[in-house]
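Each chain is listed here by its residues.
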Amino acid sequence: MGDFRKSGDGRDEARDEHWMLGREHRKVDAADRMRGLMRYTDDLVLPGMLHGKIKRSPHAHARIVSIDTGPAEAMPGVFAVVTGKDFPIPYGVIPWTPDENALAVDKVCYVGDGVAAVAAVDEDTAIAAAAAIEVEYELLPAYFEPEDALAGEVQINPYAKKGRGNLSKRVHLAFGEVDEGIDGADLVVEDEYFFEGTTHTAIEPHCALANVDGGGVLTVWSATQVSHYLQRELARVLELEASRVRVVQPPLGGAFGGKSEPFDLEFCVAKLAMMTGRPVKILYTREEVFYSHRGRHPMKMRYRTGFRRDGTITAVDAKTLIDGGAYSSFGLVTTYYSGQLLCAPYAFPAYRFDSTRAFTNKPACGPKRGHGSVQPRFAIECQLDKAAAALGIDPIELRRKNFIGADTATINEFKVGSNGFLECLDRVEAASGWRERYGKLSHGRGLGVAGSTYISGTNYCIYPNEMPQAAIQITLDRSGRARVFTGANDIGQGSSTMLAVIVAEELGLDLTDIRVFAADSDLCPVDLGAYSSRITLMVGNACMAAARALRDRVCAAVAARWQVAPERVRLRERRAIDVGDTGDMGDAGRSVTLAEAFEMAESDHGLLTAVGNYDTPKDRHGEYRGGTIGASPAYSFTAHVAEVSVDIDTGVVSVHEVWVAHDCGKAISPRIVEGQMEGSVYMGFAEAIMEQHIVDPGHGGVHTGPSLLDYRIPTFSDTPDITSLIVEHPDAQGPYGAKEAGEGPLHPIIPAIANAIYDAVGVRMNATPFSPPRVLAAIEARREAEAEGRVAAHKDHPLATPAAATATEVA
């Protein structure tokens, strides 16, 4: 059973300088969640509400010959039916690739593609009505592997560019003299890797509810993590003015990237509500969640990496083939991220990547925690480990040797500010007892290390514009309370708590004095959503600006009445305090409550409200085509050490303990940061050992296990002990120096486990997941190599033939 340990890093010593920042906080909505009082989207019920269901294709690729909705429309209790002809305008979260319709118009592209939707008086009637719709199909060739799709003659995506077949996107970028770096290297490590697709498995399925009010305004409540983009696409597809569309995100039961774009159900409930004049709700079944997918892309990667004898990297050459599924989703960005985000925390003198994304007849892939960069990170960190072994260098020392540094730029011209990666390595090295134990544990048990970096938000908005990326409005009232209005989507990561902490820090309030109103397009400023770990840096900066503007007004109002300089007034512990000329809280004298202070300021200024905006600096990247994709105001850094054991008779890999050190810049709320680190380790460990989101070509492209019974994820008892070590190297771009903590800590765990397996039994795992059959095959291959004298016994422990094996089995 997992034991989650705090870092114990002495942060308490620095807490006195802050009123709220860096202290232990529970999430602002924790009590309601724990008491079962939170109302998720499916908990919402409106008078006269209808229930909707979507009819889905049983075929992976087929032309729609005809759809007969008559049988469904004739059923008692059925109010409306829609098909693809009701949604002729395609949509897509990336404005350059709108290539799917809410319901298929002329053809279906994967098993599960929606073809019709119904609204009925109850869910059972809706299910029966959807089943009654008759669809005639003409089957088309289906391609389930990217190589086959690229060679295929039949185009999958109906909106793909003509003449490009099933090519979704290709990116080829080179920096420096790669061939010279490879040719001149003392050691070249060349290998192939495969990362299997995985999905998000959020506990809450997708759900949407729509209603049209008496004034003709369409409101959609949705379990989304991108309210603003959903509002834009609803307005465009339904041909409504954006001002006539309201999107509200109720509390969310997990997302992890799986709800970061519009889905068919949101368009369907909206259209059905417009047609019937009644509220309509659709809740995905768990099977529909698996088929809607948008999870981690399968990637086939071939890497060549050159090294000098001392372990210094000379060049990296990467070629990647990406299985995108039937639609683009975020695929344009994924293709860039598969190469662009690899260039730290190590210095590459020369680097080239060639990434190709193909359409296939599978559910579309999209962004999952650590979008686009988890797969290549697996490859490069295994490459480094292989080089360390070949050169006889400690794997941590090899990583130190190639450290890129702080206040520098990557080979692909991304500017890096603060960089705590070396401290991350130091912390996991010490905590795990690496120096004493690496390579010295008994055969079958091992340690592995890996490192990574990740963005703190993307430098540019998904759609080009000159407006701020984030905005906040804060209002104070004379009761001593603050109201925070934000368009940011709290998807369980604690962003609303982060904002409350910033407001409390600047205004001296307690968290219980602050109300955060989030993700309602009618009430809140525009925010772009919860993706790419953008909220802490971007929304946090906007919040800090608004809170400081209000703080200055309050302090000035109090100072005027005390006839002192505003600098002498400190807001802390729910009071405005005169700290004297020294500014030391120990010299504090007179004070008033914050309610009184707010009254003074309101008397001087009227309603106490302020807005804060944030936009990214535009000097963080190169000027080449694609140079903006992957650029970020700041980068986090992470190091992991994993300890595993491998049963050589069964191939079962057990992960016993993980030490994770993460440079988050500044931990605004350490408990939440630790939770994000632990959650990242859990998700990555699951992908390493268990998860695989696959369809069966032999059965027409159906999912092999579209349920939480069949799709394997770890339980709490499967989870390793996790020690979270917060590292703080503040970055000038972040609020109080803060950087991201929600996605970066996932990246190193998968290669760390792979490298630990090597330390344990001497086999390299180049494909995920590290399942018993795959591990056994690798052990058998090493056994044969040892028997033939091609490799020496690992840790002086020959892999003898299993005692239970017969001579026939061995042969």
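Residues numbered from 1 in each chain as written. Predicted model: local features only at pLDDT ≥ 70, side-chain atom pairs only at ≥ 80, totals over all residues. Heavy atoms only, no water.

Draft legend 1. Seen up close, the overall build of the chain. The secondary structure content of the chain amounts to 20 helices and 31 strands. Relative to the compact-globule value of 28 Å for 811 residues, the chain shows a C-alpha radius of gyration of 28 Å, a close match. Across its three principal directions, the C-alpha atoms of the chain cover 90 × 75 × 50 Å. The burial tally for the chain puts 63% of its 811 residues in the buried class. Put simply, 80% of the contacts in the chain that link residues at least 6 apart link residues at least 24 apart. Within the structure as shown, the chain displays about 29,400 Å² of accessible surface, and the carbon and sulfur contribution to it stands at 51%. (Helix = DSSP H or I, 4+ residues; strand = E, 2+ residues; numbered from the N terminus. Rg over C-alpha atoms; globule rule 2.2 N^0.38 Å. Buried < 20%, exposed > 50% of the residue type's maximum accessible area, 1.4 Å probe, protein only. Contact = heavy atoms within 4.5 Å. Areas by Shrake-Rupley, 256 points an atom, 1.4 Å probe, with all protein chains shown as cover.)

Draft legend 2. View of helix 9 (residues 331-340). The element helix 9 is largely enclosed, with a buried count of 10 among its 10 residues. For helix 9, the set of buried residues is Gly331, Leu332, Val333, Thr334, Thr335, Tyr336, Tyr337, Ser338, Gly339 and Gln340. Residues of helix 9 that are buried in the fold lie against strand 8 (167-175), strand 14 (299-307), strand 15 (313-323), strand 16 (351-358), helix 10 (374-391) and strand 19 (445-455).

Draft legend 3. View of the nonpolar core. Counting residues in each nonpolar core, the largest one holds 110 residues, and the members touching the most others are Ile753, Ile757 and Phe770. Ignoring any residue separated from it by four or fewer positions in sequence, one finds phenylalanine 770 in contact with Phe378, Val653, Ala688, Ile689, Ile750, Ile753, Ala754, Ile757, Met765 and Val775. (Core = buried A, V, L, I, M, F, W, Y, C linked by side-chain atoms within 4.5 Å.)

Draft legend 4. Summary view of the sheet that holds strand 23 (residues 569-572). If you trace the three strands from one edge of the open sheet to the other, you get 23-24-25, paired in antiparallel fashion. Bordering the open sheet on either side are strand 23 and strand 25 (591-593), each of which pairs with just one other strand. Averaged over all pairs of adjacent strands, the angle between strand axes in this sheet comes to 20 degrees, irrespective of strand direction. On the sheet, helix 15 (residues 535-562) packs against strand 23, strand 24 (575-578) and strand 25 and is oriented at approximately 125 degrees with respect to strand 23. (Pairing = 2+ DSSP bridges. Axes fitted to C-alpha atoms, helices over the stretch in contact; angles between N-to-C directions.)

Draft legend 5. How the structure looks around the environment of valine 516. Relative to the elements of secondary structure, valine 516 occurs in strand 22 (residues 514-518). Spatially, the C-alpha atoms of valine 516 and serine 591 are 27 Å apart, while their sequence positions differ by 75 residues. In this structure valine 516 touches Val484, Thr486, Ser496 and Ala500, once residues within four positions along its chain are discounted.

Draft legend 6. View of the side chain of histidine 371. Looking at the secondary structure, you find histidine 371 in the loop between strand 16 and helix 10. In this structure histidine 371 comes out as buried when scored by relative accessible area, which is 5%. For histidine 371, the contacting residues outside a window of four places in its chain are Arg296, Phe330, Val333, Thr334, Tyr337, Leu341, Gly366, Tyr454 and Glu743.

Draft legend 7. Geometry of the pattern of salt bridges. On inspection of all chains with the given rule, the structure shows 58 salt bridges. With a closest N to O distance of 3.3 Å, glutamate 429 and arginine 435 form a salt bridge. Using a relative accessible area of 8% as the deciding quantity, one classes glutamate 429 as buried. Among the salt bridges present, the one from aspartate 477 reaches arginine 481, with a minimum N-O distance of 3.7 Å. (Salt bridge = Lys/Arg side-chain N within 4 Å of Asp/Glu carboxyl O.)

Draft legend 8. Broad picture of the packing of aromatic side chains. Summed over the entire model, instances satisfying the criterion amount to 15 aromatic pairs. On the numbers, 5.7 Å between centres and 85 degrees between planes, the contact of tyrosine 346 with phenylalanine 421 is edge-to-face. Here phenylalanine 421 lies in helix 12 (residues 421-432) and tyrosine 346 lies in the loop between helix 9 and strand 16, a separation of 75 residues in the sequence. Accessibility classification places tyrosine 346 together with phenylalanine 421 in one group, the buried group. Three or more aromatic residues joined by ring pairs form one cluster here, namely Tyr193, Phe195, Phe378 and Phe770. (Phe/Tyr/Trp six-rings, centres within 6.5 Å; stacked < 30°, edge-to-face > 60°.)

Purely spatial values, then, with no claim about function.
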